[in-house]
There are 2 protein chains.
Amino acid sequence: MTLNKLISHFDKYLPLSSKEKEELGDRITEKKIRRRQFILSKYEVCRFYTFIISGLFKMYAVDKNGTEHILQFASENEWISDIGSFHSDKPSRLYIEAIEPSVVLQIEKSNLLYLYTHFPKFDRNFRVIIENKYIELENRVLQNISSTAEERYQTFLEQYPQLSNRLPNTQIASYIGITPEFLSKIRNNISKK
Amino acid sequence: MTLNKLISHFDKYLPLSSKEKEELGDRITEKKIRRRQFILSKYEVCRFYTFIISGLFKMYAVDKNGTEHILQFASENEWISDIGSFHSDKPSRLYIEAIEPSVVLQIEKSNLLYLYTHFPKFDRNFRVIIENKYIELENRVLQNISSTAEERYQTFLEQYPQLSNRLPNTQIASYIGITPEFLSKIRNNISKK
DNA sequence: ATATTATCTTAACATAGATTAAGAGTATTT
DNA sequence: AAATACTCTTAATCTATGTTAAGATAATAT
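All values reported here derive from a predicted model rather than from experimental measurement.

Looking at the protein's contact with DNA strand D
Surrounding DNA strand D, one finds 17 residues, the nearest of these being Ala 149 and Glu 181 of chain A together with Asn 169, Thr 170 and Ser 184 of chain B. Sugar plus phosphate: this is where 72% of the atoms of DNA strand D within 4 Å of the protein reside. The contact in question runs from a phosphate oxygen of DNA strand D to an N or O atom on the backbone of Ala 149 of chain A, over 3.2 Å. Contact distances for DNA strand D include 3.3 Å between a phosphate oxygen and a side-chain N or O atom of Arg 187 of chain B. Sorting the residues of the surface near DNA strand D by element identifies helix 6 (149-159) and helix 9 (180-192) of chain A together with helix 8 (169-176) and helix 9 (180-192) of chain B as the ones contributing at least two each. Per element, the largest residue contribution to the surface near DNA strand D is four residues, and it comes from helix 9 of chain B.

Overview of the sheet that holds strand 5 (residues 68-75) of chain B
Residue and element names in this part refer to chain B. With antiparallel pairing, the four strands of this open sheet are ordered in space as 2-7-4-5. Strands at the two margins of the open sheet, each flanked by one partner only, are strand 2 (38-40) and strand 5. Strand-to-strand, the axes of this sheet are offset by a mean angle of 25°, without reference to chain direction. Note: strand 4 (residues 56-62) against strand 7 (residues 95-98), four bridges, orientation antiparallel. Looking at the pairing, Lys 58 lines up with Glu 97 of strand 7. Along the sheet, helix 8 makes contact with strand 4 and strand 5, crossing strand 5 at roughly 105°.

A few points about the pattern of salt bridges
Scanning the entire structure with this criterion turns up 24 salt bridges over all chains. For the salt bridge of Arg 127 of chain A with Glu 131 of chain A, the shortest nitrogen-to-oxygen distance reads 2.9 Å. Residue Arg 127 of chain A and its partner Glu 131 of chain A are located together in helix 5 (residues 120-146), separated by four residues, close to a single helical turn. Residue Glu 131 of chain A is classed as buried on the basis of its relative accessible area, which comes to 3%. Across the pair Glu 20 of chain B and Lys 121 of chain B runs a salt bridge whose closest N-O atoms are separated by 2.8 Å. Here the residue Glu 20 of chain B occupies a position in helix 2 (residues 18-26), and Lys 121 of chain B occupies one in helix 5 (residues 120-146), the gap between them amounting to 101 residues. Given a relative accessible area of 8%, Glu 20 of chain B falls into the buried group. Overlapping salt bridges bring together Asp 123 of chain A together with Arg 124, Arg 127 and Glu 131 of chain B as one network.

Overview of the relation of the copies chain B and chain A
Between chain B and chain A, which share one sequence, the superposing operator has a rotation angle of 180° and an axial displacement of 0.0 Å; the RMSD is 0.0 Å. Those values place the two copies in the arrangement expected of a two-fold rotation axis. Relative to the rotation axis, the C-alpha of Arg 127 of chain B is the closest in chain B, positioned 2.2 Å from it. Mapped onto chain A, 100% of the interface residues of chain B again fall at the interface, so both copies present the same surface.

Side note on the interface of chain B and chain A
In this assembly, 39 residues from chain B lie in contact with 39 residues from chain A. Note on chain B versus chain A: buried area summed over both sides is about 3,400 Å², and carbon and sulfur give 65% of it. A per-residue breakdown of the area chain B buries against chain A is headed by Arg 127, Tyr 134 and Ile 145 of chain B, which together make up 20% of the total. Inspection of the region where chain B meets chain A yields six salt bridges.

Rules used throughout
- Positions within a chain are numbered from 1, following the residues in the order the chain's sequence is written.
- Starting at A for chains and at 1 for ligands, labels are handed out in the order in which the entities are written.
- Two thresholds apply to this predicted model, a pLDDT of at least 70 for residue-level local features and 80 or more for giving and counting side-chain atom pairs, whereas whole-chain, interface and lining totals are computed over all residues.
- Side-chain descriptors were evaluated using all non-hydrogen atoms of the structure, hydrogens and water having been removed beforehand.
- Each residue is tested against the molecule or strand, and it is near if at least one of its non-hydrogen atoms lies within 4 Å.
- Definition of a polar contact: a pair of N or O atoms within 3.5 Å, with one able to donate and the other able to accept a hydrogen when the atoms are protein atoms, and with sequence-neighbouring residues admitted only if both atoms are side-chain atoms.
- In this description a helix means any DSSP run of H or I spanning at least four residues, a strand means any run of E spanning at least two, and both kinds are numbered starting from the N terminus.
- Strands pair, by our definition, only if DSSP identifies at least two bridges between them.
- Note on geometry: axes are C-alpha line fits, over the in-contact stretch for helices, and angles between N-to-C directions span 0 to 180 degrees.
- When checking whether two residues touch, look at their non-hydrogen atoms; a contact exists if any pair is within 4.5 Å.
- Salt bridges are counted wherever a side-chain nitrogen of Lys or Arg sits within 4 Å of a carboxyl oxygen of Asp or Glu.
- The rule is simple: take the accessible area with a 1.4 Å probe, protein chains only, and divide by the maximum for that residue type; under 20% is buried, over 50% is exposed, in between is partly exposed.
- Fitting of the copies onto one another was done by least squares over C-alpha atoms, counting residues only where both copies have pLDDT of at least 70.
- Buried area adds together the accessible area that both of two parts lose upon being put together, with accessible area traced by a 1.4 Å probe.

Below, the structure written as structure tokens:
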């Protein structure tokens with residue numbers, strides 16, 4: 001059963017007690033998501049933390065020209081949410097869309113707050129989870145302000161080798177902040193070396 | 001006394017009990033930091049979370065050409081740390097340097113872990129603190145991959161109006177990921193409008 | 001199976017931003 | 001108060017990256 005995948009995810013941090021597992025199970029909903037289906041759209045409030053059992057998502061903004069800018073990919077055993085919108089209850093500027101058919105577990109804000117309040121272990125585990133995501137983001141910012149597009153692309157390939165196979169280059173280009181045409185040129189340069 | 005500044009900082013989240021205040025006070029060290037003094041250098045392990053009572057710091061990497069790339073500024077009532085190095089005990093690639101004479105409170109890892117373990121409120125409060133920093137960083141990444149240098153500069157001025165007065169433009173340029181010369185050109189363009 | 005839509009590539013041209021160099025103005029240090 | 005070290009600006013030139021357009025291939029939907 002899919003809840004077990006979430007429970008073993010927490011085993012990497014402070015493992016849950018039976019009581020905590022039960023309370024968590026009672027507050028979580030499983031969903032199948034089709035490819036290209038959205039679990040968050042611009043102007044909506046993000047009401048869930050979504051844990052991915054299987055599949056792949058992207059979270060992105062769309063600018064005035066209609067160009068997508070991908071903030072995050074997330075696959076199996078990762079959380080995805082617009083946590084700004086989630087915590088402020090303000091409309092999001094972001095979309096979260098399934099790139100592959102996916103299965104997810106979702107928890108609503110009121111339920112998450114319940115867990116935080118009654119079982120401090122969730123505060124602990126999510127503190128550590130978000131610390132790790134923070135570290136990743138910091139590295140990405142550093143790359144963005146200090147490296148060329150080619151370096152960023154190489155880093156992406158090294159850091160997410162499995163992801164790069166599952167994604168079209170268009171979306172990798174969007175993630176590293178360049179156009180698909182320029183990525184194509186970069187790939188051509190690399191292959192000549 | 002400076003500890004009170006830290007205690008009121010926590011009041012914005014879940015306020016501390018007297019016991020928690022006492023335990024916190026016992027585990028924190030106050031330091032005066034001179035301008036240009038480093039509280040973290042490359043190759044050192046980052047051993048502290050540093051809370052700023054007064055003053056201003058920058059955290060940055062230096063590339064092969066000797067160019068600084070500023071990841072973060074932090075001033076009064078903010079935390080600064082290389083949390084990647086702090087949690088992994090691995091040498092940092094970053095410097096944290098005082099831009100102004102400063103007063104800080106520092107807590108060592110073992111002491112922070114003690115507080116986390118014995119007083120779950122610290123897990124809670126730091127979870128929320130880092131969530132907010134995560135949201136800020138996400139916005140910065142989005143800007144970096146989707147906006148021009150001029151837009152990033154304008155956003156910086158709007159988002160940190162007080163900071164922009166305390167910083168030389170060189171450092172603002174580094175933070176938004178451009179050269180000082182190009183920032184100068186941008187400022188010239190803006191003033192012509 | 002066909003039609004449609006997305007992806008990838010290439011090339012010519014355009015532009016944002018980097019580099020180099022130099023000079024003037026401000027702070028900081030001695 | 002002088003000397004030194006930063007900061008800011010301008011301009012010329014260079015380079016990384018974007019834009020537009022088009023064709024080829026691959027994937028998806030009907």
